[in-house]
Amino acid sequence: MPEHADKKRRLSVYLDPELMLLLADYADRRGKSRSLVAEAAIASFLTPDADERQEAAVTRRLDRIDRSIQRLERDIGIANEAFAIFMRSWLTSTPSLPEVAQPAAQAQGGQRYDRFLEALGRRLASGPKLRQEVAEDRE
């Protein structure tokens, strides 16, 4: 058996300049040498189960995306229903105004809308979200 059998061997490769920049950036962000990152990448590429690991990683990402989409669908459904309930109650409980009262009502409506936007901004910044207050159905 040769004397240097357990030592690493040198390999010179040529990389596309963009790929070299990606390698350098990745290594620098992780505080590792370029050689170590390249060795790990080659080992991963040549490992027989690399495809299975990659597929598992993609599956995990897709599952995470699917859960996010489900939460978005739920949140949008809550928002739509809340808006529909509000509109129905507002339209059924608000009487029509006579012509002479409409300018004053429009001014007051503008003020109320501004206060609504301020309250909405405060709630979005700090308060509990409606989706957190609504019980989640698990069927």
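Residues numbered from 1 in each chain as written. Predicted model: local features only at pLDDT ≥ 70, side-chain atom pairs only at ≥ 80, totals over all residues. Heavy atoms only, no water.

Colleague: Got a minute to help me understand the UniProt feature "coiled-coil region" (unreviewed entry) in the protein chain in this structure?
Modeller: With numbering aligned to this structure, UniProt lists the feature "coiled-coil region" (unreviewed entry) at residues 55-82. As a span, residues 55-82 carries 100% helix and 0% strand, and end to end its C-alpha atoms are 40 Å apart. (UniProt positions renumbered as here; feature names shortened; annotations may be inferred. Helix = DSSP H or I, 4+ residues; strand = E, 2+ residues; numbered from the N terminus.)

Colleague: Is there a simple way to explain helix α3 (residues 50-93) in this structure?
Modeller: Within an α-helix, residues lying three or four positions from one another point in the same direction, as the helix has 3.6 residues per turn. Under the 1.5 Å per step criterion, the end-to-end length of α3 is 64 Å for 44 residues, consistent within 8% with the ideal 64 Å. All of the buried residues along α3 are A50, A57, D75 and I78. In this structure, the buried side of α3 is in contact with α2 (34-46) and α5 (130-133). (Expected span 1.5 Å × (residues − 1). Buried < 20%, exposed > 50% of the residue type's maximum accessible area, 1.4 Å probe, protein only. Contact = heavy atoms within 4.5 Å.)

Colleague: Just checking my understanding: could you explain the packing of helix α1 (residues 17-30) against α2 for this structure?
Modeller: Packed helix pairs are specified by the crossing angle of their axes together with the interaxial distance, meaning the distance between the axes. At a closest axis distance of 9 Å, the pairing of α1 and α2 adopts a crossing angle of 110°. One way to sum up the angle between α1 and α2 is to call them roughly perpendicular. Where α1 abuts α2, its residues M20, L23, A24, Y26 and A27 lie against R34, V37 and A38. Taken together, the residues of the contact of α1 with α2 sort by class into seven nonpolar, no polar and one charged. (Axes fitted to C-alpha atoms, helices over the stretch in contact; angles between N-to-C directions. Parallel < 35°, antiparallel > 145°, perpendicular 65-115°, else oblique. Nonpolar A, V, L, I, M, F, W, Y, C, P; charged D, E, K, R; others polar.)

Colleague: Please clarify how the environment of A56 should be interpreted in this entry.
Modeller: Tracing the backbone through its elements, the reader meets A56 in helix α3. Considered as a pair, A56 and A135 are 79 residues apart in the sequence and their alpha carbons are 32 Å apart.

Colleague: What am I meant to see in a nonpolar patch on the surface here?
Modeller: The grouping of L11, V13, L15, L19, M20, L22, I42, F45 and L46 at the surface amounts to a nonpolar patch, some 950 Å² of accessible area in total. Contributing elements (two or more residues each) for the nonpolar patch: α1 and α2. When you line up the elements, I42 lands in helix α2. With a relative accessible area of 43%, I42 lands in the partly exposed category. (Patch = residues over 30% accessible without salt bridge, like charges linked within 9 Å, V, L, I, M, F, W, Y side chains within 5 Å. Areas by Shrake-Rupley, 256 points an atom, 1.4 Å probe, with all protein chains shown as cover. Salt bridge = Lys/Arg side-chain N within 4 Å of Asp/Glu carboxyl O.)

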